[in-house]
Structure formats: structure tokens, C-alpha cells
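Inside the fold
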Amino acid sequence: MGKTVVVAGIPGVGKTTVLDELRRMLEGRADHVEVVNFGTVMKELFEKAGERIHRDEMRRRSLGLQKEVQVKAAALIAQKARRGAVIVDTHMFVETGDGLLAGTPSHVLTELKPSALILIEAEPEEIAKRRFMDKERVRGTANHKRIIEELAWSRATAAACAVLTGAPVKIITNEEGKQREAARAILELL
Ligand code: AP5
């Protein structure tokens, strides 16, 4: 069984950009390392069930449905981990209409069995700017105070995951224009 690393960050922190860099760095390596976006797996499950849905709409669905799809996605990702190392691009929490839903609650962690947890962070001003500039996505508020609260909540949730799994938490900063450096920091951990 391969190793699974969970990479999380609040919307707009740039984790997908960093992981795209990492994917390029991993190209051509003999060992099998796959970067999997949790949201994409969920979206595919929605579509398999006959519902075409935008990725920013999934968190607006009923809590029950999100949780059902979430656990199915975790099981599919766990299957991939049997073939080699998997890096899971996800969130510590998702802001739903019913409140903050943990992205990796205990039953998801039981499926994924991560050996490490990585939190991607950035300066609140940079996150606000990235959210505001990216017009193709609906990532939530660009309110500075709220972003600081989201970062704190993300760390608190990561701490809970560390307690549940025994996996260490590493915090990596995605500085402006330095996504490659952030990807390299993840690569060093692998
Ligand atoms: P998800 O698929 O994770 O959304 P995403 O697009 O991958 O991620 P974010 O919206 O969080 O953006 P990002 O931080 O990756 O930023 P990006 O790299 O694009 O989630 C989609 C949905 O799936 C969720 O809402 C939820 O419903 C569901 N979901 C996922 N996981 C779940 C779970 N475990 N349980 C339940 N539901 C789950 O970058 C943003 C912008 O910043 C870009 O314009 C980019 O160019 C720019 N940028 C990035 N880095 C830099 C840099 N260093 N310098 C300058 N600009 C930068």
C-alpha cells in the first residue's frame, strides 16, 4: 500500500496551483505518485449519478448528500493508494449552507489513512486578492477578518486530524509568485 499525504488549504490559498507545479516535478519519476483532487472525484461521482454540477455548487447541496458523496470519494481515493503514493488535494473544512463541514472527518481519515498532513497557507491579503481576481470561481468572501478566521479554523481542524491519525502537520506558505518553492517543499517531504 502506498503512502497518502493530505494537502489542504482554504479556498484561494493556491493549493491547486502549487500541486500543479508538483505534478510537473513528478513527471517522469519511476515511483508512482498521483495527485488527486478530492473535489474532482466528488464532481465525477455527482456526474455518474446523472447530475452535471459546477465544483463551487457541490457545497450548496444537502449536507446528507455531500457526506454521502464525500465518503464514496474517500473510498475511491483509498483504492488509488493501493497502487502507489497519493497526494490528496482537499480542504480541512467546507463552508456549506448548514455550517462548516469537516473535509476529513474521522470516517474519511479511516479510509485515507494519511501518513502526513500538509496545510498550505498564504498571507490573508494575498488570499483576498486571489479570490477577488479569479472571476471564474466562487470562493467565498474577500473579507480580511473572515479569512484570518478561516485560516485559524483550518489549523484547528488540522490539529484534530493530527490527533486522530498520529500524522504530523506541516505548514507550507505559498508566497506571491513562489508556487514552485512551495511545491518543492512538499516534494522534500515525500
Ligand atoms: P476544490 O476542488 O478543492 O477547489 P479548488 O479549485 O481545487 O481549490 P480552491 O477553490 O480551494 O482554490 P485553491 O486554493 O486551490 O486556489 P488555486 O490554486 O486555484 O474544491 C471544490 C469543492 O469540492 C469544495 O468547495 C467542496 O464542495 C468539495 N470538496 C473538496 N474536498 C472536499 C472534502 N474533503 N469533503 C467535502 N467536500 C469537498 O489559486 C487561486 C488563484 O490564486 C489562481 O488565480 C492562481 O493563479 C493564484 N495563485 C495561486 N498561487 C499563487 C502564487 N504563489 N502567486 C500568485 N498567484 C497565485
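First things first, this report covers the structure right here in the doc. (Residues numbered from 1 in each chain as written. Predicted model: local features only at pLDDT ≥ 70, side-chain atom pairs only at ≥ 80, totals over all residues. Heavy atoms only, no water.)

**Structural notes on the overall build of the chain**
- A count of helical and extended segments in the chain gives 7 helices and 7 strands.
- Beginning at the N terminus, the succession of helices and strands in the chain can be written as β-α-β-α-α-β-β-β-α-β-α-α-β-α.
- Its C-alpha atoms give the chain a radius of gyration of 16 Å, within 12% of the compact-globule value 16 Å for 190 residues.
- Structurally, the chain occupies a C-alpha span of about 45 × 40 × 30 Å along its principal axes.
- Of all intrachain contacts in the chain linking residues separated by at least 6 positions in sequence, the fraction that spans at least 24 positions is 78%.
- Of the roughly 9900 Å² of accessible surface on the chain, a fraction of 53% belongs to carbon and sulfur atoms. (Helix = DSSP H or I, 4+ residues; strand = E, 2+ residues; numbered from the N terminus. Rg over C-alpha atoms; globule rule 2.2 N^0.38 Å. Contact = heavy atoms within 4.5 Å. Areas by Shrake-Rupley, 256 points an atom, 1.4 Å probe, with all protein chains shown as cover.)

**Focus: the pattern of salt bridges**
- For the structure on display, the rule yields 18 salt bridges.
- The shortest N-O distance in the salt bridge between Glu 51 and Arg 61 comes to 2.5 Å. Of this pair, Glu 51 sits in the loop between α2 (38-48) and α3 (63-81) while Arg 61 sits in the loop between α2 and α3, and the two are 10 residues apart along the sequence.
- The class of Glu 51 is partly exposed, set by a relative accessible area of 24%.
- The exposure class assigned to Arg 61 is partly exposed, which follows from its relative accessible area of 26%.
- Note that Arg 59 is salt-bridged to Asp 56, the shortest N-O span being 3.8 Å. When sorted by exposure, Arg 59 lands in the same class as Asp 56, which is buried.
- One network of salt bridges, with partners in common, ties together Glu 95, Lys 145, Arg 146 and Glu 149. (Salt bridge = Lys/Arg side-chain N within 4 Å of Asp/Glu carboxyl O. Buried < 20%, exposed > 50% of the residue type's maximum accessible area, 1.4 Å probe, protein only.)

**Quick word on the packing of helix α1 (residues 15-26) against helix α7 (residues 179-189)**
- Two elements in contact, α1 and α7, have axes whose closest approach is 8 Å; the angle formed by their N-to-C orientations is 60°. The angle between the axes of α1 and α7 places the two elements in the oblique class. When the axes of α1 and α7 are compared, the crossing they make is right-handed. On α7, the residues touching Thr 17, Val 18, Leu 19, Glu 21, Leu 22, Met 25 and Leu 26 of α1 are Gln 179, Arg 180, Ala 182, Ala 183, Arg 184, Ile 186 and Leu 187.
- A per-class count over the contact of α1 with α7 returns 9 nonpolar, 2 polar and 3 charged. (Axes fitted to C-alpha atoms, helices over the stretch in contact; angles between N-to-C directions. Parallel < 35°, antiparallel > 145°, perpendicular 65-115°, else oblique. Left-handed = near helix turned anticlockwise from the far one by under 90°. Nonpolar A, V, L, I, M, F, W, Y, C, P; charged D, E, K, R; others polar.)

**Observations regarding the packing of aromatic side chains**
- Within the structure shown, the criterion is met by 1 aromatic pair.
- On the basis of an interplanar angle of 90° and a centroid distance of 6.5 Å, the ring pair of Phe 93 and Trp 153 is categorised as edge-to-face. You can see Phe 93 sitting in strand β4 (residues 93-96) and its partner Trp 153 sitting in helix α6 (residues 144-165), a full 60 residues away along the chain.
- Using a relative accessible area of 7% as the deciding quantity, one classes Phe 93 as buried.
- Residue Trp 153 is classed as partly exposed on the basis of its relative accessible area, which comes to 45%. (Phe/Tyr/Trp six-rings, centres within 6.5 Å; stacked < 30°, edge-to-face > 60°.)

**Regarding the environment of Glu 175**
- Examined against the element boundaries, Glu 175 turns out to sit in the loop between β7 (169-173) and α7.
- Each C-alpha atom, one on Glu 175 and one on Val 13, is 9.4 Å from the other, the two residues being 162 residues apart in sequence.
- Glu 175 has contacts with Glu 126 and Arg 130, leaving out every residue within four places of it along the chain.

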